[in-house]
Amino acid sequence: MSTTMGELPAFQPADYKSDLKPVWCAGCGDFGALASLHRAMAKLQLEPWNTVVISGIGCSSRLPGYVSTFGFNGVHGRALTLASGVKLARPELTVVAVGGDGDGIAIGGNHFLHAARRNLDVAYFMMDNEVYGLTKGQAAPTTPSGDKTKSTLWGNPEAAVDPCELAISFGATWVARGFSGDPKMLVDLMVAAIEHPGFAFLNVMSPCVTWRGDEQFKMLKAKLAFLPPTHDRTDRTAAFRYTRETDVLTTGVLYEVRQPSLVERLEEVRKKAHEVGGLATTADILEQLAPAI
Amino acid sequence: MSTTMGELPAFQPADYKSDLKPVWCAGCGDFGALASLHRAMAKLQLEPWNTVVISGIGCSSRLPGYVSTFGFNGVHGRALTLASGVKLARPELTVVAVGGDGDGIAIGGNHFLHAARRNLDVAYFMMDNEVYGLTKGQAAPTTPSGDKTKSTLWGNPEAAVDPCELAISFGATWVARGFSGDPKMLVDLMVAAIEHPGFAFLNVMSPCVTWRGDEQFKMLKAKLAFLPPTHDRTDRTAAFRYTRETDVLTTGVLYEVRQPSLVERLEEVRKKAHEVGGLATTADILEQLAPAI
Amino acid sequence: MATKDVTITVVGSGGDGVVTLGELIAQVAAHEGLNVIKTEAYGPQIRGGESSCTVRVASSRIYSQGAAVDVLVVFSWNDYKRFRGEISVAPGAVILGEASEEPPSAEDLGVIGGDDLTFLQVPFAELSKTATGAPGSKNVVALGILGGLLGLPTEKLQRALARKFGRKKAAVLEAVGRAFQSGLEFAESRRKTFESRRLDYEPGPSRLLLSGNEAAAIGALHAGCRFFAGYPITPSSEILHFLGEWMPRAGGAFLQTEDELAAIGACIGASFAGVKSMTATSGPGLSLMIEMIGLASMAEVPVVIIDVQRGGPSTGNPTKSEQSDLLQSLFGTHGDAPKAVLACSDVEDCFHATVEAFNIAEEFQIPVLVLSDQAVGQRKETITSADMRHEVRDRRKPTEEELEEYERYRDTPTGVSPMSVPGMKKGMYQTNGLEHGEDGRPNSLYLTHETMNAKRYRKMWPIRDRYHSFRCFGPTRAEVGILCWGSSAGPVQEAVAAANARGESVAAFVPQMLYPFPKRDFERFAESVDELLIVELSYTAQFYKYLRTFLDLPAGRTHVFKRSGGKDLTAAEVSDEIEKVRARTARVEVAG
Amino acid sequence: MATKDVTITVVGSGGDGVVTLGELIAQVAAHEGLNVIKTEAYGPQIRGGESSCTVRVASSRIYSQGAAVDVLVVFSWNDYKRFRGEISVAPGAVILGEASEEPPSAEDLGVIGGDDLTFLQVPFAELSKTATGAPGSKNVVALGILGGLLGLPTEKLQRALARKFGRKKAAVLEAVGRAFQSGLEFAESRRKTFESRRLDYEPGPSRLLLSGNEAAAIGALHAGCRFFAGYPITPSSEILHFLGEWMPRAGGAFLQTEDELAAIGACIGASFAGVKSMTATSGPGLSLMIEMIGLASMAEVPVVIIDVQRGGPSTGNPTKSEQSDLLQSLFGTHGDAPKAVLACSDVEDCFHATVEAFNIAEEFQIPVLVLSDQAVGQRKETITSADMRHEVRDRRKPTEEELEEYERYRDTPTGVSPMSVPGMKKGMYQTNGLEHGEDGRPNSLYLTHETMNAKRYRKMWPIRDRYHSFRCFGPTRAEVGILCWGSSAGPVQEAVAAANARGESVAAFVPQMLYPFPKRDFERFAESVDELLIVELSYTAQFYKYLRTFLDLPAGRTHVFKRSGGKDLTAAEVSDEIEKVRARTARVEVAG
Ligand SMILES: Cc1ncc(C[n+]2csc(CCOP(=O)(O)OP(=O)(O)O)c2C)c(N)n1
Ligand SMILES: Cc1ncc(C[n+]2csc(CCOP(=O)(O)OP(=O)(O)O)c2C)c(N)n1
Ligand code: SF4
Ligand code: SF4
Ligand SMILES: [Mg+2]
Ligand SMILES: [Mg+2]
């Protein structure tokens, strides 16, 4: 999908920018994620009209409106259900699902599990700010235990999960973590995620200046670490070692294996079905159902 | 909770048996799970009226009707939501949630995640028959890839997940696997699960003779293996080694750690809140809200 | 004295092959060109519990399952007991009981069906044992007996039997053949007793024997549906099973999702991508889909949802029929969310309503609900392939002109806007479930909201103009006019025919289109009748309530017959009610 | 010439402290014993976007937010533009614009409010800079000006200010004090211009300033609710926030769940365990709760659900008000599932309706929905503590006698059965969402279903008898009678008062109890008026439709005024409609 060296690519990052101005707060990490997506798309030279960006509800889920492709900002928690339909109905399209940690792990956790389990051919970018941004600062399943938020005035009594650990246990075949403050790496991760044939999960740490303060960005930045070059991406157990870290934030591709994707598997099913007898019409069906005695 | 040696326990297993005859098929694995539960309850000498058994919908979810305690056979997939309410409202009660693999991982997967993450103080027994029994034999998220079922006539195009692996990644603090064909061990596991302070997940392999044939029981029996005595239960990575096995079925307690349970954490919250000023009444609240100028 | 219409019920335990027996009779009868309706009932066990199968066979068209049994076969009186109250026996019926069991007392029999019954002890098990060495072929013996009793052609019954056991060893086949033969001989030996049950018919072209759920699934494929996502739930699962098999054969995609939220979501996604999509469910699943039906309404994405109703509320009575998801279908979403609602009144109608639902959904970019129910979804009924035709309409592609300065939600006179799909270079847009302007961008201004609400609801008028489908039975002017919907139509149609045959004057109006409602058509009907009787199976009279929201039902001459579901409506019940209306003793008071 | 009723709107950007300014004025006014209604509006940004705050202050009771602004403060005309169409300015209003900005043209001003405006350029930023060294205290300057203009006591304003900035350094506090002073002085210098806006009032006992959401949360605690589970959603989240703080203080349990399915499930579980439980949500969340509301209905578990309505369908207009979840609340579940539905018409009513909801839920073992909306849920309003009283009823414990041969679902004359809770030795039972017999065991027989449906719905009569709550305004006989519900009541009440003051004869009927409906009370009202006018904010006139399901609205003299939500109903709109009804030009036709 990349262009010949020397040639100017047909699509520039700006071509993927819609003319709607983001209504995010100044300093929101989602700006970095959006800019990286524009650049990743340009790197891949995706045809905008053959690309669909899908989300749920949340600050981060507003993103599809800011990308000049086909887009669907659905309802809270259901981005991956919409994405399943789009991709299975039209496998030739490039489908990117995006959203927040609340959208994807609180209300939408079950679809995350099953999209990953099925190895659905979409790239899923979770903008993780460890809080519910849009609804004004309640605790998310990623909010550290003990933190005070709008909904946890006495300190968060719940434990946080690690989205990457979940993704691996769900059956995702490509799992990585990035940081909206490191756009260079983020672009590369996004490119690789979109190119991965199967379910690619990218946890984008994306600070919320409004509800997590300016410190969140600084803290994340300070914890930033990279995977050692010796890391074996195909080793699930090794990958789990980098999840649930608290003092460092390891970014990079934690896990990657190649398994038949859902689209490939459904193609297989269709092939088997056709072996029984060509493409079926209503007449074929009725004929077959007639009581043959 | 166990009784002094030599004394006859007050409650016999039969005391936990309701007078409703199970409507399971002859040979169903759920009979074994039920009998084990009756025995485990007797071992623990649970007071029936202070015990609540809660389920969703499915063959396995009919179980609460067959246990002479308080019981709630709720709606499909939501057993753990009901259990959360019961336990948090009345922490002194013993709460056991039960159900099928479809109920708990398909429609109910998200509540499984969050109950585990919160370390909700309930024991959750999943009767795993790798199929939807009640609705007559469709594929479940635990059905092996490639299998033909009512809904996967051309072979199951989806991959299966391992409920124990999920439980660990969700944050469960006690995770084990048992087999309804090995009731002795199952009783012990159930006892330990109910005694565990926090979220205890027990995956009970429980064959469905009707939709998975008589072979399922034989195959499970043949694969049966036990954890090596050297296994370190507190080691998450070690525990993951026994999940997603295909040729053996390792039973026993895979994982166990002690972390504050949700009940304990909410008690902590209440304590902090009371430090601000005793048990609040309507008058207290109104007084505090009055514009003090 | 032969009969033109006979209803047979067989009762036994799981292993007795009750359903196979019913299926074979139904198939042969269908192949003979007879009209058949076949239903099954089970106890709560999945396997091994009591089961019953009822087959009605008639030489002319029938519209509902026979409510009173003419021939009752009982393999086990214990199993029969569990169905008591649900099986009623016609006067003069023939009862064939397993001979090795204690026969019911005369008193018990009296309770079953009065004193003019013919009761026979039949050695099903013994005949089976003699023929095959085991009692397991009781059902084959019974097939021989019933085949002889009804006068169905012996060779066809044998061929059907051979097909059924086709994969078995030759020795088994032979033994089965002997069992069948001994049944035939038993029937021959009771020729006189059975005479009155012999079917009087002319063989005709062979018919299809389909369930309503199968017909709906075929309708979807016929309409061009190439995406199905669903989650199993009784009594709709057969649609999922059927499409799991056939959707790949038709080149489409089939997905069994993790729940109903995912099912409707995937359908909306697929339809957004340009592929006709459908899901099927029952009450509890419909409840879970409610939020995203609203999304489809707001984003104007065509999608078809079949709801095969069962007893409610909550888990309710999963294997029984009821008409109590009506108000949810019409008004269940939060906000003002337009959708169209159709109903199916019989198996064939499941096909037509489904195709029509796609036509409306695609033409008007709106979610369409099809209300079926357990009574039509799971019964099997004869239809002819020729009836399985229905015009198919496709989604209109935006014109070149519309794609210049493309606006997805352009406010048009019909409310329908040009809808592009991914791949159209000039048709790119970003949609959402927020209120939005014509360009699809979120817009929370009051005026936008009012304008777009009006745009979305404006579609209802052209839908009503084009799809005001309904059926009428009976004379054009009548003393009593019945208004009913869905599966109530069959018993009503039979009751109407019976009443007119008795010299009364009764008509009926059955809308297929529930919303938008064929109001003018109905008003004409209401004018043409003296008394109006509304018939439905919902404790709170949901249909009556719905009608009241927009109709001024004629005061003083409107009557309601409603009850809970849980047993199918019968023509006899409707007839009774007609008599009450004629005698002015019917009720109007409605609970809830 | 002072005033007894003034409405002030302040418009600015995120950093301008618009909301703090409004809050301080409202608090001081409340402390003075004045009547206050305060509302806020924001653009789509979470922070930094445009915001506006409107405070209405009056010496006697007020029932709705002022629709036309008497005093408009604009820190930025750019921000103002984004609210245009949503802010209307009263004739003769005073407009204070930031002096460093280009003033609006005369023409622009004309659009805003005609030509009898007083427009002043005020150096907010400059005064702030002079006082504090930075322009950031514009809002404090404005507080001084508005305090002076309204004539609120200076020391109280200063004390309120000190409390607000209490934690800041002394130097900051002093600077803030200077900014306030310079504002006061500015006001003094414009004494004559401001004279007509000066509030004419007698100070009285201090009042509480609460939002409807807070009042509802207090109501829950007052009623003895000790379990809350919820998932955040605009515009209901304040209930969750409030209870997150106070539920632990009251000794109860608070849980923020993973979604709304879990929230309602947890509440049902907690209530089954014997603890009064509640959840709160808005449309999309209510849609997700639908299935389990049916479960509560079937298993007869008391539970209270507050739905703070917003614009729909789907995600709709999350920050705007609408009355379009009515039909879903009444009819949204599959099957026939009884539940009670109440509405709150103002902040105080949020308290009472919530307590009443618990009383009904607990007494009748039924889910109860409380319909609030953004307009009452999020506005702040003055009330007195003395009004926050309401009788509390508790769930009846089964008697010893009932516990002998205990049957959870005993069929009783009222439909209410003895309900035990875990811990009661003789009260053990297993419940479910399946149809069940009196013992709670699954039972799918038709007769059981009919009997239990009847039992569950029988509760509605005693609920109606005991809780037929409604309010009436205006004379006992009137030319025009208005029927409305929920937050429409405020503007209607003011319009009714205005009409009667004009010498017209207008009355209104506002049910708090929507289902079961106080039918007889309403019928008496309908008899007492010549023309009936239904007023509601729903595009499809959901209230009108609902009324039709069980009421014969007087033919030829029933009128409907409905529109989409998205801007609050005003008394002026209602007055216009009253005039139309009197002139016989109002409409009845309803879309959808
Ligand atoms: C069914 C439903 N429940 C609740 C909401 C309210 N809601 C909107 S976004 C959101 C959470 C946002 O958090 P996240 O997904 O992390 O996104 P962020 O704003 O942090 O980017 C919630 C609770 C909703 N829109 N729909
Ligand atoms: C909302 C909803 N969707 C679907 C169903 C239908 N249903 C009942 S049980 C079941 C699956 C049962 O599988 P499992 O939980 O594994 O239990 P098993 O019968 O295998 O023990 C389904 C799909 C339902 N009752 N409710
Ligand atoms: S609230 Fe947080 S997540 Fe939302 S736009 Fe502002 S900074 Fe970003
Ligand atoms: S269908 Fe399977 S799971 Fe259900 S009762 Fe029968 S054997 Fe057990
Ligand atoms: Mg977030
Ligand atoms: Mg199962």
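Report on the accompanying structure. (Residues numbered from 1 in each chain as written. Chains lettered and ligands numbered in written order. Predicted model: local features only at pLDDT ≥ 70, side-chain atom pairs only at ≥ 80, totals over all residues. Heavy atoms only, no water.)

1. Details of the overall build of chain A
For step 1, the next point in the chain: When helices and strands are counted, chain A shows eleven helices and eight strands.
For step 2, the next point in the chain: On C-alpha atoms alone, chain A measures out to a radius of gyration of 21 Å, which is about the 19 Å that the 2.2 N^0.38 rule sets for 293 residues.
For step 3, the next point in the chain: Seen through its principal axes, chain A has C-alpha atoms that stretch 75 × 50 × 40 Å.
For step 4, the next point in the chain: Within chain A, the fraction of its 293 residues that count as buried is 68%.
For step 5, the next point in the chain: Sequence separation of at least 24 residues holds for 70% of the intrachain contacts in chain A that already meet a minimum separation of 6.
For step 6, the next point in the chain: As presented, chain A carries roughly 10000 Å² of accessible surface, and 56% of it is formed by carbon and sulfur atoms.
For step 7, the next point in the chain: Counting 28 positive and 31 negative side-chain charges, chain A places the averaged centre of each group 4 Å from the other. (Helix = DSSP H or I, 4+ residues; strand = E, 2+ residues; numbered from the N terminus. Rg over C-alpha atoms; globule rule 2.2 N^0.38 Å. Buried < 20%, exposed > 50% of the residue type's maximum accessible area, 1.4 Å probe, protein only. Contact = heavy atoms within 4.5 Å. Areas by Shrake-Rupley, 256 points an atom, 1.4 Å probe, with all protein chains shown as cover. Lys, Arg positive; Asp, Glu negative; His and termini not counted. Charge placed at Lys NZ, Arg CZ, Asp CG, Glu CD.)

2. Observations regarding the coordination of the magnesium ion (ligand 5)
Residues and elements named next belong to chain A.
For step 1, the next point in the chain: For the magnesium ion (ligand 5), the full set of protein donor atoms is Asp101 (OD), Asn129 (OD1) and Val131 (O), and the range of their distances to it is 2.1 Å.
For step 2, the next point in the chain: Each donor residue of the magnesium ion (ligand 5) lies on the same chain, and together they follow the pattern D-x27-N-x1-V. One end of the pair, Asp101, is in helix α3 (residues 101–107); the other, Val131, is in the loop between β4 (123–128) and α5 (163–170), and 30 residues separate them in sequence. Take Asp101 and Val131: they sit in the same class, and that class is buried. (Donors = N, O, S within 2.8 Å, 3.2 Å for Na, K, Ca; no water.)

3. A closer look at the packing of helix α2 (residues 79–89) of chain B against helix α11 (residues 260–272) of chain D
For step 1, the next point in the chain: Two numbers describe how α2(B) lies on α11(D): the axes approach to 6 Å, and their chain directions differ by 45 degrees. As the angle between them shows, α2(B) and α11(D) are arranged oblique. As for the relative orientation of α2(B) and α11(D), their crossing is right-handed in sense. Contacts between α2(B) and α11(D) involve Thr81(B), Leu82(B), Ser84(B), Gly85(B), Val86(B) and Ala89(B) on the former and, on the latter, Leu261(D), Ala262(D), Gly265(D), Ala266(D), Ile268(D), Gly269(D), Ala270(D) and Phe272(D).
For step 2, the next point in the chain: Residue composition of the contact of α2(B) with α11(D), by class: nine nonpolar, five polar and no charged. (Axes fitted to C-alpha atoms, helices over the stretch in contact; angles between N-to-C directions. Parallel < 35°, antiparallel > 145°, perpendicular 65-115°, else oblique. Left-handed = near helix turned anticlockwise from the far one by under 90°. Nonpolar A, V, L, I, M, F, W, Y, C, P; charged D, E, K, R; others polar.)

4. A word on the site of ligand 3
For step 1, the next point in the chain: Taken together, Trp24(A), Cys25(A), Cys28(A), Cys59(A), Asn129(A), Cys208(A), Val209(A), Thr210(A), Trp211(A) and Ile46(D) are the residues near ligand 3.
For step 2, the next point in the chain: The environment of ligand 3 is shared, with nearby residues belonging to chains A and D.
For step 3, the next point in the chain: Considering only residue class, the shell around ligand 3 consists of eight nonpolar, two polar and no charged. (Near = heavy atom within 4 Å.)

5. Description of the relation of the copies chain D and chain C
For step 1, the next point in the chain: Superposition record for chain D on chain C: RMSD 0.1 Å, screw rotation 180 degrees, translation along axis 0.0 Å. Taken together, the rotation and translation relating the two chain copies correspond to the operation of a two-fold axis. By C-alpha distance to the rotation axis, the residue of chain D lying nearest is Gly332(D), at 2.0 Å. (Least-squares fit on C-alpha atoms with pLDDT ≥ 70 in both.)

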